[in-house]
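# Report on the structure
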Amino acid sequence: MFGLPCDYDSINAIAKEHGLFVIEDAAQGFGGEYKGKKAGSLTDIGCTSFFPAKPLGCYGDGGAVFTDDNATADTLRSIRVHGKGTHKYDNARIGLNARLDTLQAAILNAKFDIFPQEIDLRNHVALKYTEFLSALNLQLSAPSVPEGYKSAWAQYSLLSDKKAEIQDALKEKGIPTAVYYPKPLHLQTAFAQYLGYKEGDMPISEDCSRRIFSLPMHPYLETKEIERICKIIGNEISLTEVIF
Ligand SMILES: Cc1ncc(COP(=O)(O)O)c(C=O)c1O
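Residues numbered from 1 in each chain as written. Predicted model: local features only at pLDDT ≥ 70, side-chain atom pairs only at ≥ 80, totals over all residues. Heavy atoms only, no water.

Pairing in this open sheet of three strands is antiparallel, and the strands run 3-2-6 from one edge to the other. Each having just a single partner strand, strand 3 (37-38) and strand 6 (149-150) make up the two edges of the open sheet. One ladder, built from two bridges, connects strand 2 (residues 33-34) with strand 6; its direction is antiparallel. Note on strand 6: the bridge partner recorded for Y34 is Y149. (Pairing = 2+ DSSP bridges. Helix = DSSP H or I, 4+ residues; strand = E, 2+ residues; numbered from the N terminus.)

Quick look at the structure:
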């Protein structure tokens, strides 16, 4: 989430112990790294999204699946086109219409060239946010990147009891913010019903959902814009109440 890969050594070890197959969701982490390996290459199958809000976005819907297992790759290629077999109109399995649209592919091809540079720029933007917010000297703990990780900085997110006030203050100045996500998974109607979850069952997730919000984040955010955003936050609240 937000650009950092999970601790896949731990997850893969648990999976191995129990004979499980691991699918990595690198939709927000694509461009990030974990112990020298790229996000998307850390488990049996890695998946990413090219939805425009993601670190590598196309201009509509798109995504990719990564694997280094040839048999899995063949199966995935078949599933992508209605479960095709060796002949185009022989279907070996029930598949999907999951082709990447040609126009989106062309856009991604061009954006791939500058993607590593854009990840560096996102890291620079994040660093500036952290610098400016820390300089407000308000015991702010900014989102951090653990040793051995590289973040793709899909989002720069803060937790605050004054989330609504900060969002309003920024909105008043024409600065958008977003909430990822207002409702944790276990309280989504689709899961809550059949798994029987209720409010209070996952207090940390629920607390994060209530207090989290994300600041504008893209590779081309200028330092003076970042500074202005941070100043508005500083004016709005005593940041002793903002933590991550
Ligand atoms: C972590 C994560 N996984 C999966 C998705 C789904 O991506 P898509 O809508 O392209 O399938 C998203 C984006 O919404 C996401 O942020």
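On we go.
Time to look at the pairing of strand 7 (residues 156-160). Summarising burial for strand 7: five of the five residues are buried, a large majority. Here strand 7 shows no split at all, with Y156, L158 and S160 on one side and S157 and L159 on the other all buried. Bridge analysis of strand 7 against strand 8 (residues 212-215) gives four bridges, and the strand direction is antiparallel. Residue L158 lies in a different strand from strand 8, and its bridge partner there is F213. (Buried < 20%, exposed > 50% of the residue type's maximum accessible area, 1.4 Å probe, protein only.)

This part is about the pattern of salt bridges. Enumeration over the complete set of coordinates arrives at eleven salt bridges. When the shortest N-O distance is used, the salt bridge between D9 and K35 registers 2.7 Å. Within this pair, whereas D9 is found in helix 1 (residues 8-18), its partner K35 is found in the loop between strand 2 and strand 3, the two being separated by 26 residues in sequence. Judged by its relative accessible area of 42%, D9 falls in the partly exposed class. Between K38 and E33 there is a salt bridge, with the nearest N and O atoms lying 3.1 Å from each other. Shared partners join several salt bridges into a network, and the residues in it are D161, D207 and R211. (Salt bridge = Lys/Arg side-chain N within 4 Å of Asp/Glu carboxyl O.)

To continue, consider the packing of helix 3 (residues 102-135) against helix 7 (residues 223-236). Between helix 3 and helix 7, whose axes approach to 9 Å, the crossing angle comes to 35°. The way helix 3 lies across helix 7 gives a crossing that is right-handed. Residue-level contacts link H124, V125, K128, Y129, F132 and L133 of helix 3 to T223, I226, E227, I229, C230 and I233 of helix 7. The residue makeup of the contact of helix 3 with helix 7, split by class, is eight nonpolar, two polar and two charged. (Axes fitted to C-alpha atoms, helices over the stretch in contact; angles between N-to-C directions. Left-handed = near helix turned anticlockwise from the far one by under 90°. Contact = heavy atoms within 4.5 Å. Nonpolar A, V, L, I, M, F, W, Y, C, P; charged D, E, K, R; others polar.)

What follows concerns the state of the cysteines. Overall, the coordinates contain zero disulfides when judged by the stated rule. Between C47, a free cysteine, and C6, which holds the nearest cysteine sulfur, the sulfur-to-sulfur gap is 13 Å. Of the residues examined, C47 reaches a relative accessible area of 25% and is grouped as partly exposed. Its sulfur unpaired, C208 is 14 Å from the next cysteine sulfur, which belongs to C6. (Disulfide = S-S within 2.5 Å.)

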